[in-house]
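Now for the letters of each chain:
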Amino acid sequence: MTTNIVWHESSITKQERRTQNKHHSFILWFTGLSASGKSSVANAFARTLFERGNQAFVLDGDNVRHGLNNDLGFGEADRKENIRRIGEVSKLFIESGQIVLTAFISPYRADRQIVRDLVVEGEFIEVFVKCSVGTCEKRDPKGLYKKARNAEIPNFTGISAPYEEPQHPEVILDTEQHSIEECVEQLTAILTKKGYI
């Protein structure tokens, strides 16, 4: 821990920002296998939120690795650091009064719990984007499963590295059975009923 630093309180509170935005601020943490549809659902839902007048932003796994986390690889330690950093960034979005949608495989339950513990209760909504390895591998839009099967990509989640499904996610979206549009409708209904949007 760095010494000689002091937390500086903001002149604008989280609650004031929420009041101005007319909605709660929280993390929608989309987790699931590669090609399960995390980014597709997150971006489609972000569009829905935007059109409703909500302040929302998507943090996508690939996009973040182009900048903030471009120094990290895909071994277990780097994956943990990747999620830790995203958790801290997501917390800043909550403080700014926004809804942050994160689309990360985030294969380890413990890492997702660390992010949940960063924020207060009700500010972390785990969305399990459920899709079997077989279906994800058939989709394979980036050709990653093929490379993983050919041992060109080590530590690939679902093939040569584990994925720990959420045990008690707030939301389950089954992209094997439902279209992106249907998943967005389901998520909208769930969050509206819970009073988040």
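The structure we're discussing is the one just above.
Residues numbered from 1 in each chain as written. Predicted model: local features only at pLDDT ≥ 70, side-chain atom pairs only at ≥ 80, totals over all residues. Heavy atoms only, no water.

So what about the side chain of aspartate 111? Which residues, and what values?
Relative to the helices and strands, aspartate 111 resides in helix H5 (residues 109-118). Judged by its relative accessible area of 5%, aspartate 111 falls in the buried class. (Helix = DSSP H or I, 4+ residues; strand = E, 2+ residues; numbered from the N terminus. Buried < 20%, exposed > 50% of the residue type's maximum accessible area, 1.4 Å probe, protein only.)

Please provide a residue-by-residue account of the pattern of salt bridges, values included.
The full count for this structure, using the stated rule, is twelve salt bridges. In this structure, arginine 18 engages glutamate 123 in a salt bridge whose closest nitrogen and oxygen atoms are separated by 2.7 Å. Of this pair, arginine 18 sits in helix H1 (residues 14-21) while glutamate 123 sits in the loop between H5 and strand E4 (124-130), and the two are 105 residues apart along the sequence. With its nearest N and O atoms 2.8 Å apart, the salt bridge here joins arginine 116 to glutamate 170. With arginine 116 in helix H5 and glutamate 170 in the loop between helix H7 (144-149) and strand E5 (171-174), the pair connects residues that are 54 residues apart, well separated along the chain. Judged by its relative accessible area of 21%, arginine 116 falls in the partly exposed class. With relative accessibility at 31%, the residue glutamate 170 sits in the partly exposed group. One salt-bridge network, held together by shared partners, links Lys14, Arg18, Glu95 and Glu123. (Salt bridge = Lys/Arg side-chain N within 4 Å of Asp/Glu carboxyl O.)

Requested: an account of the packing of aromatic side chains, with residues and values cited.
Inspection of every chain in the model, using the stated rule, returns six aromatic pairs. Taken together, Trp29, Phe104 and Phe124 form an aromatic cluster joined through their ring pairs. Cation over ring: arginine 65 sits above phenylalanine 74, and NZ or CZ is 3.9 Å from the ring centre. The residue whose ring lies beneath lysine 80 is tyrosine 108, and the NZ or CZ to ring-centre distance is 5.1 Å. (Phe/Tyr/Trp six-rings, centres within 6.5 Å; stacked < 30°, edge-to-face > 60°. Lys NZ or Arg CZ within 6 Å of the ring centre and 35° of its normal.)

An account of unusual backbone geometry is needed here, citing residue identities and associated values.
Even without being a glycine, alanine 35 presents a positive backbone phi close to 75 degrees. With respect to the element layout, alanine 35 can be found in the loop between strand E1 (26-31) and helix H2 (38-52). Its identity is not glycine, yet asparagine 155 carries a phi of approximately 55 degrees, on the positive side. Looking at the secondary structure, you find asparagine 155 in the loop between H7 and E5. In this structure asparagine 155 comes out as partly exposed when scored by relative accessible area, which is 37%.

I'd love a proper account of the side chain of arginine 18, names of residues and values included.
With a relative accessible area of 10%, arginine 18 lands in the buried category. Discounting residues that sit within four places of it in the chain, arginine 18 has contacts with His23, His24, Ser25, Ile94, Gly97 and Glu123. (Contact = heavy atoms within 4.5 Å.)

An account of helix H8 (residues 180-193) is requested, with residue identities and associated values reported.
Taking 1.5 Å per residue, 14 residues should reach 20 Å; H8 reaches 20 Å between its end C-alpha atoms and fits that length. Looking one or two places after H8, you find glycine 195, whose phi comes out positive at around 85 degrees. (Expected span 1.5 Å × (residues − 1).)

Run through the environment of leucine 72, naming residues and quoting values.
Among the structural elements, leucine 72 can be located in the loop between helix H3 (61-66) and helix H4 (76-95). On the accessibility criterion, leucine 72 (12% relative accessible area) is buried. Separated by ten residues in the primary sequence, leucine 72 and asparagine 82 have C-alpha atoms spaced 7.0 Å apart.

I'd like a rundown of the sheet that holds E4, residues and numbers included.
Pairing between the strands of a sheet is mediated by backbone hydrogen bonds and can be parallel or antiparallel. Spatial ordering of the open sheet is given by E2-E3-E1-E4-E5, a layout of five strands whose pairing is parallel. Two strands bound the open sheet, and with one partner strand each, they are strand E2 (56-60) and E5. Between one strand and the next, the sheet's axes are offset by a mean angle of 20 degrees, whatever the strand orientation. Relative to E5, E4 runs parallel, the two being bridged by four bridges. The residue of E5 that forms the bridge with valine 127 is valine 171. Across the face of the sheet, H2 comes into contact with E1, E2, strand E3 (99-103), E4 and E5 while running at roughly 165 degrees to E3. (Pairing = 2+ DSSP bridges. Axes fitted to C-alpha atoms, helices over the stretch in contact; angles between N-to-C directions.)

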